[in-house]
Amino acid sequence: MPWNVGVLGAGPGVAALHLPVLGRLAELFRVVHVADAGSGRAQGLAEQLGARWSEGEAELLADVEVDVVAVCSPPGEHGRQILAAVAAGKRAVFCEKPFATSREESEAVIAACRAAGTILLVGTNHLFDAAWGRAKHHLVALEGRVQTLSVTLALPPNDRYHRLVAEGGPFQSGRRGRPDLNDPAVAADVLRQLLTGLAIHDLPAIRDIAPGLDEVVYARVAPPIGYLVGYRASGILVQLALTMLPQGPDALWRMSVATSHDRIEVNFPPAFVHAGSATTRVRSVDGQWTEYRRDPDDGYVAEWRLLASLLEGAAPVEYDELLADSQYAIDLADAAAAKVLAGVSQ
Amino acid sequence: MNPADRGIGVCTALPAYVAAVAELPLSAALSNDLSGAVAIVPGSGDWWQGMLAARAGGAAAVVIADPEMLPREALESHPWPADVPVIVERPRLRPDVVADAVRARRGSPARIVTVECAAPAAGLDAVLRDGLGWARFLVQGSLTFRSGAAAAQGRIALLDSAGPAGGSILTTVAGAAAGGLHPGGLLQLLALGEVRTEVIVDQPAGLTRLETSTEDGALRAPERFESSARLALRRALVACSSGQPVTDLDDLLEDTALTWAIHGT
């Protein structure tokens, strides 16, 4: 019997991503309830699935049929909603990244889940991508000393990919005024949001390789919206680059790891679409390039499959890892924002 | 054949340039007489001394073949010649491939440039230097070092340059020392923006790849089959005959100074 899912949130991430993914995994999950925060979108999404809908979170949490709560609301709501799901006695929570926005909140969430035995899975889909799994295996098996690590993103508007997996729209949230990046406080806040909202896709994977945050070397917000952050972690030099473009080529989302004897490049597909896993290519020091095939499943499917395994007791919940991943991202975002505020990077 | 019809003399013992002369039979001829000739100076060791000696010997132009990294002391202490055209052959930074890359962007400015290099430690700085040269061309201006850090076997840096409409274009550089025997290493560059340029120069693999991507798709530039030495020699011959100024040496010195600035972090 599939596990019954209640979804908190009815935005593009739900309509274009999680509902289609759960549709692919109908033998494992069934959506029984969708709740919005007042937008009215939940009804349309729920009706097509034959599910219930509601406004706010109380009804969904009181719905005895819901086993799994999927927290897909704005990030500022995540921690509170996880705690509410735990208090409601739900079996498991799937939470979009990040699951908390401060160290204190992340500690409270993990403590509550651990104490109640609530399963928690955070949707850092790249971490679950089979290609990253193989790349990490390669790094471990060859015991390559990692020298530098970089994650480079060049992203066109999400709308381009939403249209390939959903109908209706527009899927972009209403455009707010362009932030004044010349104001250090605004720039620092934008950078913090970008790191905890976008860079977080890859920070758990980076933490696997470079776990101890030593220092932020530089941090810049790049207009129109983007960032360049360089830091040292466990002696490894890490660079994060993002530019969000009003138009341009398809998304580039690349993680590169330079070791003493090779260079591993993981190219992730665009968000939202289902093009399979990332592709990996390895370049050895003698100039030999090897490119590995895609897996049919992407990280989105893989993360929900893992949640099913956790529900079946086939794998343990790694509470300590979740906490450490969360705090790594928060610490990095805070340190980078402080660097911008201090003007040291200017 | 009248010796005057055999082209400009070229003083070299480097096999790549002897071959290049053979591939330019109407324009060039091997010569032992420096005066009025194109002097080819090997880029190993203290190549700058060879360059100065060639100028003193009356060379009409000098080609520096694949120069190693210039020591910081030499960079700072030498008066560099401005009275003789100096062509710098940088196989990782071929002017024809650079021109292809710049042309394909059709004036669309880069927003962020990333340069990543990997090479055996002894050759890493020269690869970084040429990566910085690529970035300079793609941002179409000089770069300024802002911040950086070094670890045991790698370094990263942030640079910027003047962008359109008073803004700036940010460039990051990462260099990692790797094993292997070939000193040439790997250079990978991305110029991100509405038009994306990706450059891979992998000398151990014998690979130079240039791709330009837009919303319409990706265009891979045709491979350049002319040898790097022949291209450099042709440019030297044109410099001799045209009298047009050549900025190769200034560019090399600028990229070298920037590499040393990053190195000092």
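Keep in mind it's a predicted model, so treat the numbers as computed, not measured.

Asks: For the overall build of chain B, give the residues involved together with the corresponding values.
Replies: Helix and strand content of chain B: 7 helices and 13 strands. In terms of overall size, chain B behaves like a compact globule, its C-alpha atoms giving a radius of gyration of 19 Å where 265 residues would be expected to give roughly 18 Å. Within chain B, buried positions represent 48% of all 265 residues. Contacts in chain B between residues at least 24 apart in sequence constitute 62% of all its contacts with a sequence separation of at least 6.

Asks: So what about helix H1 (residues 12–24) of chain A? Which residues, and what values?
Replies: All names here are of chain A. An ideal rise of 1.5 Å per residue puts 18 Å on 13 residues; H1 measures up with 18 Å between its terminal C-alpha atoms. Taken as a whole, H1 carries its principal kink of about 30 degrees at His18; the proline Pro20 stands between one and four residues after it. Most of H1 is tucked away: 10 of the 13 residues are buried. For H1, the complete set of buried residues consists of Pro12, Gly13, Val14, Ala15, Ala16, Leu17, His18, Leu19, Val21 and Leu22. On its buried face, H1 sits against strand E1 (3–8), strand E2 (29–36), helix H2 (41–49), strand E4 (68–71), helix H8 (159–165) and helix H11 (299–311).

Asks: Tell me about helix H2 (residues 47–56) of chain B, residues and numbers included.
Replies: Think of an α-helix as 3.6 residues a turn; residues three or four steps apart then line up on the same face. Residue and element names in this part refer to chain B. Looking at H2, one finds that the buried residues are Trp47, Trp48, Met51 and Ala54. Buried residues of H2 fall within an arc of 120 degrees about the axis and therefore sit on the same side. Exposed residues on H2 whose side chains face more than 90 degrees from its buried face are Gln49 and Ala56. Those residues of H2 hidden inside the fold are in contact with strand E3 (38–42), strand E4 (61–65), helix H3 (72–77) and strand E5 (86–89). Gly58 lies just past H2 and shows a positive phi near 95 degrees.

Asks: Could you give an account of the interface of chain B and chain A, naming the residues involved and the relevant values?
Replies: Listed per partner, the contact involves 38 residues of chain B and 36 residues of chain A. Elements with a minimum of two residues in the side of chain B that touches chain A: strand E6 (112–119), strand E7 (144–151), strand E8 (154–162), strand E9 (168–177), strand E10 (186–192), strand E11 (196–202) and strand E12 (207–214) of chain B. Class assignment for the residues of the side of chain B that touches chain A results in 18 nonpolar, 12 polar and 8 charged.

Asks: Let's hear about the domain arrangement of chain B: which residues, and what values?
Replies: Residue and element names in this part refer to chain B. When cut into domains, chain B gives domain 1 (3–91 + 227–263) and domain 2 (95–220). The gap between the C-alpha centroids of domain 1 and domain 2 is 24 Å. Contacts between the two partners involve 13 residues from domain 1 and, on the opposite side, 16 residues from domain 2. For the side of domain 1 that touches domain 2, the element with the most residues is helix H7 (residues 248–263), which contributes 9 residues.

Asks: Quick rundown of the environment of A:Asp334? Include the residues and the values.
Replies: Residue and element names in this part refer to chain A. When you line up the elements, Asp334 lands in helix H12 (residues 319–342). Owing to 17 C-beta atoms within 10 Å, Asp334 belongs among the partly exposed residues under this scheme. Put simply, Asp334 and Ser102 are 232 residues apart on the chain and 9.5 Å apart in space, counted from C-alpha to C-alpha.

Asks: I'd love a proper account of the sheet that holds strand E6 (residues 119–122) of chain A, names of residues and values included.
Replies: Residue and element names in this part refer to chain A. With parallel pairing, the 6 strands of this open sheet are ordered in space as E3-E2-E1-E4-E5-E6. Only two strands of the sheet have a single neighbouring strand rather than two, namely strand E3 (52–55) and E6. Across the sheet, the axes of successive neighbouring strands diverge by a mean angle of 20 degrees, strand direction being ignored. Taken together, the 6 bridges between E1 and E2 define a ladder with parallel strand orientation. Bridged to Val7 within E2 is Val34.

Asks: Tell me about the sheet that holds strand E9 (residues 225–233) of chain A, residues and numbers included.
Replies: Residue and element names in this part refer to chain A. Read across the sheet, 8 strands follow the order E8-E9-E10-E7-E11-E12-E13-E14 without closing on themselves; strand pairing throughout is mixed. Two strands lie at the open edges of the sheet, namely strand E8 (213–221) and strand E14 (289–292), each paired on one side alone. The average angle at which neighbouring strand axes cross in this sheet is 10 degrees, direction not considered. Taken together, the 8 bridges between strand E7 (residues 146–155) and strand E11 (residues 252–259) define a ladder with antiparallel strand orientation. Across the sheet, residue Val151 finds its bridge partner in E11, namely Met255. On top of the sheet, helix H7 (residues 130–141) reaches E7, E11, strand E12 (262–267), strand E13 (279–284) and E14; it is set at about 170 degrees to E12, its chief contact. Sheet contacts for H12: E8 and E9; angle to E8, the most-contacted strand, approximately 55 degrees.

Asks: Hey, could you go over the pairing of E4(B) for me, with residue numbers and the actual values?
Replies: All names here are of chain B. Burial runs high along E4: 5 of the 5 residues are buried. Across the two faces of E4 the burial is the same, with Ala61, Val63 and Ala65 and Val62 and Ile64 all buried. As paired elements, E3 and E4 share 5 bridges and run parallel to each other. Residue pairing for E4: Pro42 is matched across the bridge by Ala65. Each parallel crossover has a hand, and for E3 linked through H2 to E4 it is right-handed.

Reading the values: rules and limits
- Residues numbered from 1 in each chain as written.
- Chains lettered and ligands numbered in written order.
- Predicted model: local features only at pLDDT ≥ 70, side-chain atom pairs only at ≥ 80, totals over all residues.
- Helix = DSSP H or I, 4+ residues; strand = E, 2+ residues; numbered from the N terminus.
- Rg over C-alpha atoms; globule rule 2.2 N^0.38 Å.
- Buried ≥ 20, exposed ≤ 12 C-beta atoms within 10 Å, placed from the backbone.
- Contact = placed C-beta atoms within 7 Å.
- Expected span 1.5 Å × (residues − 1).
- Bend = angle between axes of the 7 residues up to and from the residue.
- Arc of directions from axis to C-beta.
- Nonpolar A, V, L, I, M, F, W, Y, C, P; charged D, E, K, R; others polar.
- Domains from an automatic or database assignment.
- Pairing = 2+ DSSP bridges.
- Axes fitted to C-alpha atoms, helices over the stretch in contact; angles between N-to-C directions.
- Right-handed = clockwise from strand over helix to strand, strands pointing away.

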